[in-house]
Amino acid sequence: MNGNLDVPLDEDLALLPLEVVVGEEPWICTMSTTEFNENRVSLSWDRVACSISIRWHSNETTILTMDRDFVTVVTIESQAGVLVFRIRCETDGLVGLLEVRASTTVTVTDSLLRS
């Protein structure tokens, strides 16, 4: 575990077009986009383990599965009808940024650089 995981507040998530489910453990949360054409993106975080899982599904087929540890910040925002998920990871001199943009298309950008 890396420390604290900074995630969006429940009030902020309620303003976004997401289906949010809090697990039996209150530190685990899963959310999914409403479907954009055939695309759906889901994100789960574990605030205790400082980890995330992100999945992209299209027509019931899993297109992408990514898991990250050492997550420090998760942000989710809506920009002109596009949901933008940003996940920042930091460990041992490395900084990673995973960005997923979900709308009628899905784009994924993943970088891992020395800090």
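Some points on the overall build of the protein
Within the protein, the regular secondary structure consists of one helix and nine strands. Tracing the protein from N to C terminus, the helices and strands come up as α-β-β-β-β-β-β-β-β-β. Taking 2.2 N^0.38 as the reference for a compact globule, 115 residues should give roughly 13 Å; the C-alpha atoms of the protein span a radius of gyration of 14 Å, in line with that estimate. Counting only C-alpha atoms and orienting by the principal axes, one finds that the protein spans roughly 40 × 30 × 25 Å. Relative to its full complement of 115 residues, the protein shows a buried share of 37%. Considering only contacts within the protein whose residues lie at least 6 apart along the sequence, 31% involve residues at least 24 apart. Surface exposure of the protein reaches about 6,700 Å², of which carbon and sulfur atoms provide 50%. Here the protein contributes 8 positive and 18 negative side-chain charges, whose respective centroids are spaced 8 Å apart.

Let's talk about the nonpolar core
Leu-43, Trp-45, Ile-54, Val-74, Ile-76, Phe-85 and Ile-87 are the most contacted members of the largest nonpolar core, which has 27 residues in total. Going through the elements one at a time, β2 (28-33), β3 (39-46), β4 (51-58), β6 (71-79), β7 (82-91) and β8 (94-102) are the ones with two or more residues in this core. A total of four residues in this core trace back to one element, the largest contributor, which is β7. Sequence-distant contacts of Phe-85, that is, excluding residues within four places in its chain, are made with Leu-18, Thr-33, Val-41, Leu-43, Ile-54, Thr-75, Ile-76, Leu-98, Glu-99, Val-100 and Ala-102.

Looking at the pairing of β4
A regular strand places its side chains on the two faces of the sheet in alternate fashion. In terms of burial, β4 is a largely internal element, six of the eight residues being buried. Pairing analysis gives eight bridges linking β3 to β4, with the strands arranged antiparallel. Within β4, the residue paired with Ser-42 across the bridge is Arg-55. Adjacent in sequence and paired antiparallel, β3 and β4 are bridged by four residues, among which Cys-50 carries a positive phi angle near 55°.

A short note on the sheet that holds β6
Across a sheet, strands are paired by hydrogen bonds formed along the backbone, either parallel or antiparallel in direction. Within the open sheet, the four strands sit side by side as β6-β7-β8-β9. Their pairing is antiparallel. A strand with exactly one partner marks an edge of an open sheet, and here the two such strands are β6 and β9 (106-114). This sheet shows a mean twist of 10° between the axes of neighbouring strands, independent of strand direction. Alignment of β6 against β7, held across eight bridges, turns out to be antiparallel. Bridge pairing links Val-74 to Ile-87 in β7.

Some thoughts on the pairing of β8
In this sheet, β8 lies alongside β7 in antiparallel orientation, the contact comprising nine bridges. When the sheet's bridge partners are listed, Cys-89 is paired in β8 with Gly-96. For β8 and β9, the ladder comprises nine bridges, and the chain directions are antiparallel. Note on β9: the bridge partner recorded for Glu-99 is Thr-109. Between β8 and β9, which pair antiparallel one after the other, the connecting turn spans three residues.

Conventions we followed
- Residues numbered from 1 in each chain as written.
- Predicted model: local features only at pLDDT ≥ 70, side-chain atom pairs only at ≥ 80, totals over all residues.
- Heavy atoms only, no water.
- Helix = DSSP H or I, 4+ residues; strand = E, 2+ residues; numbered from the N terminus.
- Rg over C-alpha atoms; globule rule 2.2 N^0.38 Å.
- Buried < 20%, exposed > 50% of the residue type's maximum accessible area, 1.4 Å probe, protein only.
- Contact = heavy atoms within 4.5 Å.
- Areas by Shrake-Rupley, 256 points an atom, 1.4 Å probe, with all protein chains shown as cover.
- Lys, Arg positive; Asp, Glu negative; His and termini not counted.
- Charge placed at Lys NZ, Arg CZ, Asp CG, Glu CD.
- Core = buried A, V, L, I, M, F, W, Y, C linked by side-chain atoms within 4.5 Å.
- Pairing = 2+ DSSP bridges.
- Axes fitted to C-alpha atoms, helices over the stretch in contact; angles between N-to-C directions.

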